[in-house]
Amino acid sequence: MRTGVAAFVLELLELSAPTEQGTNSSALQIADALFAALVALGPATYLAGTAVAAALALAAVSTAGRARMSPASLSSSPSVPNR
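Residues numbered from 1 in each chain as written. Predicted model: local features only at pLDDT ≥ 70, side-chain atom pairs only at ≥ 80, totals over all residues. Heavy atoms only, no water.

Draft legend 1. Summary view of the overall build of the protein. Each helix and strand counted, the protein has four helices and zero strands in total. For the protein, the proportion of its 83 residues judged to be buried stands at 10%. Here the protein has roughly 6,600 Å² of accessible surface; of this, 68% comes from carbon and sulfur atoms. (Helix = DSSP H or I, 4+ residues; strand = E, 2+ residues; numbered from the N terminus. Buried < 20%, exposed > 50% of the residue type's maximum accessible area, 1.4 Å probe, protein only. Areas by Shrake-Rupley, 256 points an atom, 1.4 Å probe, with all protein chains shown as cover.)

Draft legend 2. Quick peek at the confidence of the model for the protein. Residue-level pLDDT values for the protein average 78, and 75% of them are 70 or greater. By mean pLDDT, the top-scoring element of the protein is helix H3 (residues 43-63) (87), and the lowest-scoring one is helix H4 (residues 71-76) (61). (pLDDT = per-residue confidence, 0-100.)

Draft legend 3. Up close: the packing of aromatic side chains. Under the criterion given, the structure shown has one aromatic pair. Their ring planes at 80° and their centres at 5.6 Å tell us that Phe-35 and Tyr-46 sit as a pair that is edge-to-face. Taken together, the residues span a long stretch of sequence, with Phe-35 in helix H2 (residues 21-41) and Tyr-46 in helix H3 at a distance of 11 residues. (Phe/Tyr/Trp six-rings, centres within 6.5 Å; stacked < 30°, edge-to-face > 60°.)

Draft legend 4. Main features of the side chain of Ser-16. Position of Ser-16 relative to the elements: it lies in the loop between helix H1 (6-15) and H2. Of the polar contacts made by the side chain of Ser-16, one reaches the backbone oxygen of Leu-12; its length is 2.7 Å. Polar side-chain contacts of Ser-16 include one of 2.7 Å to the side chain of Asn-24. Other than its neighbours up to four places away in sequence, Ser-16 contacts Gln-21 and Asn-24. (Polar contact = N/O pair within 3.5 Å; in protein donor to acceptor, adjacent residues only side chain to side chain. Contact = heavy atoms within 4.5 Å.)

Draft legend 5. How the structure looks around the packing of H2 against H3. Contact geometry of H2 with H3 gives a least axis separation of 5 Å together with a crossing angle of 140°. Classified by the angle between their axes, H2 and H3 sit oblique to one another. Contact residues: H2 offers Phe-35, Leu-38, Val-39 and Leu-41, while H3 offers Thr-45, Tyr-46 and Gly-49. Its residues placed into classes, the contact of H2 with H3 shows five nonpolar, two polar and no charged. (Axes fitted to C-alpha atoms, helices over the stretch in contact; angles between N-to-C directions. Parallel < 35°, antiparallel > 145°, perpendicular 65-115°, else oblique. Nonpolar A, V, L, I, M, F, W, Y, C, P; charged D, E, K, R; others polar.)

Draft legend 6. Representation of a nonpolar patch on the surface within the structure. On the surface, Phe-35, Val-39, Tyr-46 and Leu-47 cluster together to form a nonpolar patch covering roughly 350 Å² of accessible area. Broken down by secondary-structure element, the contributors of at least two residues to the nonpolar patch are H2 and H3. (Patch = residues over 30% accessible without salt bridge, like charges linked within 9 Å, V, L, I, M, F, W, Y side chains within 5 Å. Salt bridge = Lys/Arg side-chain N within 4 Å of Asp/Glu carboxyl O.)

Draft legend 7. Layout of the packing of H1 against H2. It is at 9 Å that the axes of H1 and H2 come closest, and there the two elements cross at 155°. Taken together, the axes of H1 and H2 lie roughly antiparallel to each other. The element H1 and its partner H2 pack so that their crossing is right-handed. Contact residues: H1 offers Phe-8, Val-9, Leu-12 and Leu-13, while H2 offers Gln-21, Asn-24, Ser-25 and Leu-28. Residue composition of the contact of H1 with H2, by class: five nonpolar, three polar and no charged. (Left-handed = near helix turned anticlockwise from the far one by under 90°.)

Structure (structure tokens):
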């Protein structure tokens, strides 16, 4: 991995639960390898990949408001203490 990503890796591992650190670290390495491959293929491929990623991010942001839990499911969830 490139050294410019080191601060991001530390933050990722700090914010990840211990059981998720391996998965998240692997996902970051795969993303880094894909980015390097896009850059190696040329600027047009890199720009196309960036456009696809931006479109997916916009789609996720625009639909995130729909992913809300009902109060009934929150009260029965084991991770949320009953008040």
